[in-house]
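# Working through the structure, step by step
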Amino acid sequence: MTVPFLSSRIDGVFFGKILNRWDGRDPSAIEKTPVSGPQNIEEFGFVLDEQADLENHGGADKAIHHYASDHYQAWIDDGHIPIGTQPAAFGENITTQGMNEWSLCIGDKLRLGTAVVQISQGRQPCWKLNEYTKNKKMAYLFQKTSRTGWYYCVLEAGVAAAGDQVTLIERTQPNWSVACVTSARLTRRVSLQDAEAPAALPELADGWRVAFRRMAEGNHHEDTSSRLKGSDG
């Protein structure tokens, strides 16, 4: 299969520490700050980055969160974030320009610095995004626009730094863009037949394949209250 040329430079690498940011609510490492120099990448992502919620924001299927810095101007123009907001405002690990949810596909393999990573799923925005951005509609807007960013699993360990290249090296699922799959997963507006194909994608994160399998069986119900409102409701 011919692989389209798609390459970009890493604009920034960002790490966070687990903190109790909001009284009476779960801790979070959503606040990310820039780091310089080569950073080690292993199975669960950047070694020095912390992840408070390994079920929703970490683990092997969600090791690294990549966000298109191009989206920031759109969010500003739409009035959803303040003028001058800089990358990492959404808790991402890396940013680039010229790659987005429509140009990348589930299963894409990319060389990230010296590491090799694979797109496993889009981001499922949660209540922490609302709290951190001080915009109560932010998680909803992420879902509505499909400007969610995407997660990588790590296939080969390596190092990466701001200024390094991110380059597409293999595409196995050209019909399944990150935007298409993420929209179907989050809105659950998908027919039984259309849910069958992503349910069988071997490159898709296990949790998402299970969700699509349920949709293919006619079960579109999903309790999202914990994700969107937090454990305290």
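The sections below set out a description of the structure shown in this document. Everything numeric in this text was worked out from a predicted model, so none of it was measured. (Residues numbered from 1 in each chain as written. Predicted model: local features only at pLDDT ≥ 70, side-chain atom pairs only at ≥ 80, totals over all residues. Heavy atoms only, no water.)

## Some words on the sheet that holds strand E12 (residues 165–170)
Taking strand neighbours across the sheet as the criterion, the 9 strands line up as E1-E12-E8-E9-E10-E6-E7-E2-E3 in an open arrangement whose pairing is mixed. Whereas interior strands pair on both sides, the edge strands pair on one side only; in this sheet they are strand E1 (7–9) and strand E3 (32–34). The average angle at which neighbouring strand axes cross in this sheet is 35°, direction not considered. In terms of strand pairing, strand E6 (residues 64–68) meets strand E7 (residues 94–96) through 3 bridges, oriented parallel. Note that in E7 the partner of Tyr67 across the bridge is Thr95. (Pairing = 2+ DSSP bridges. Helix = DSSP H or I, 4+ residues; strand = E, 2+ residues; numbered from the N terminus. Axes fitted to C-alpha atoms, helices over the stretch in contact; angles between N-to-C directions.)

## As for the pattern of salt bridges
Enumeration over the complete set of coordinates arrives at 10 salt bridges. With its nearest N and O atoms 3.6 Å apart, the salt bridge here joins Asp11 to Arg9. A residue is classified by how much of its surface remains accessible, and Asp11, at 31% relative accessible area, is partly exposed. Given a relative accessible area of 44%, Arg9 falls into the partly exposed group. Residues Asp49 and Lys32 are paired through a salt bridge, measuring 2.8 Å at the closest nitrogen-oxygen approach. (Salt bridge = Lys/Arg side-chain N within 4 Å of Asp/Glu carboxyl O. Buried < 20%, exposed > 50% of the residue type's maximum accessible area, 1.4 Å probe, protein only.)

## Quick look at the packing of aromatic side chains
If you walk through the whole model with that rule in mind, you get 9 aromatic pairs. A ring pair is formed by Tyr67 and Tyr72, whose centres lie 5.9 Å apart and whose planes are at 80°; its orientation type is edge-to-face. Judged by its relative accessible area of 0%, Tyr67 is buried. On the basis of relative accessible area, Tyr72 is assigned to the buried category, the value being 3%. Ring geometry for Trp75 versus Phe90: centroids 6.2 Å apart, planes at 70°, classification edge-to-face. With Trp75 in helix H1 (residues 71–77) and Phe90 in the loop between H1 and E7, the pair connects residues that are 15 residues apart, well separated along the chain. Side by side, Trp75 and Phe90 carry an identical accessibility label, which is buried. Over the face of the ring belonging to Trp127 we find Arg25, whose NZ or CZ atom lies 3.9 Å from the ring centre. We note Arg147 situated over the ring of Trp75; from NZ or CZ to the ring centre the distance is 4.0 Å. (Phe/Tyr/Trp six-rings, centres within 6.5 Å; stacked < 30°, edge-to-face > 60°. Lys NZ or Arg CZ within 6 Å of the ring centre and 35° of its normal.)

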